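Chain residues, written in single-letter form:
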Amino acid sequence: MMDIHAILKQLPHRYPFLLVDKVIELESNARIRAIKNVTFNEPYFMGHFPGRPVMPGVLILEALAQAAGLLAFDAMGKVPDENNIYYFVGIDGARFKRPVEPGDQLILDIHIDRVRGGIWKFKGVARVGDDVACEAELMCTMRSVG
């Protein structure tokens, strides 16, 4: 549905902070399913943790937020530009159920919960196979810069 080239046109993030590799489902104004392939070459694995590498929970949340951003951009028919930036402004109910390790494929499921006063609220679940790794409610908003 959306390969890395299309994602790079939509998200301002770049290596090593781009955490969405592919979008496999997109239902406009409703939901998105994306993939993050977790490899041993990720720079954070050298220190988190030596001998037992685990993807940091905050990066799992960031991957969910980036997928949410792709869904919001699609819903608004916009892409980020030099005058506007979309910020991650809140997390509620984050729960981590399973570690994410090198070799895992993180499936990111996001759906729009509501949009009110310029604040987008999403519900997200990150899975490895059928196992929930993380779930949370995420909020973001657009701000003018410059």
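Anything mentioned here points back to the structure above.
None of these values were measured; they are calculated from a predicted model.

(A) The environment of Ile4, seen in detail. Examined against the element boundaries, Ile4 turns out to sit in helix H1 (residues 4-10). Here Ile4 falls in the partly exposed class, since its relative accessible area comes to 30%. Taking C-alpha positions, Ile4 is 8.4 Å from Val23, a pair spaced 19 residues apart along the chain. In this view, Ile4 contacts Leu18, Val20 and Asp21; residues no more than four positions away in its chain are not counted.

(B) Molecular detail of the pattern of salt bridges. Per the counting criterion, the structure on display carries twelve salt bridges. Notably, a salt bridge pairs Arg31 with Glu25, separated by 2.6 Å at the nearest N-O pair. In this structure Arg31 comes out as partly exposed when scored by relative accessible area, which is 32%. Asp104 is the salt-bridge partner of Arg98, the closest N and O atoms lying 3.2 Å from each other. Take Arg98: its relative accessible area is 24%, and that puts it in the partly exposed class.

(C) Fine view of the layout of surface pockets. One number sums up the size of the largest pocket: a volume of about 270 Å³. Lining the largest pocket are 20 residues, and of these His13, Ala65, Tyr86, Tyr87 and Phe88 lie nearest its centre. Of all the secondary-structure elements, those providing two or more residues to the lining of the largest pocket are helix H2 (57-76), strand E3 (84-96) and strand E6 (131-144). Counting residues per element, the lining of the largest pocket draws most heavily on H2, at six residues.

The rules behind these values
Residues numbered from 1 in each chain as written. Predicted model: local features only at pLDDT ≥ 70, side-chain atom pairs only at ≥ 80, totals over all residues. Heavy atoms only, no water. Helix = DSSP H or I, 4+ residues; strand = E, 2+ residues; numbered from the N terminus. Buried < 20%, exposed > 50% of the residue type's maximum accessible area, 1.4 Å probe, protein only. Contact = heavy atoms within 4.5 Å. Salt bridge = Lys/Arg side-chain N within 4 Å of Asp/Glu carboxyl O. 1 Å grid on protein atoms, 1.4 Å probe; cavity = no way out; pocket = protein on both sides within 12 Å on 5 of 7 lines; lining within 4 Å. Points joined across faces, edges and corners; volume = space filled by probe spheres on them.

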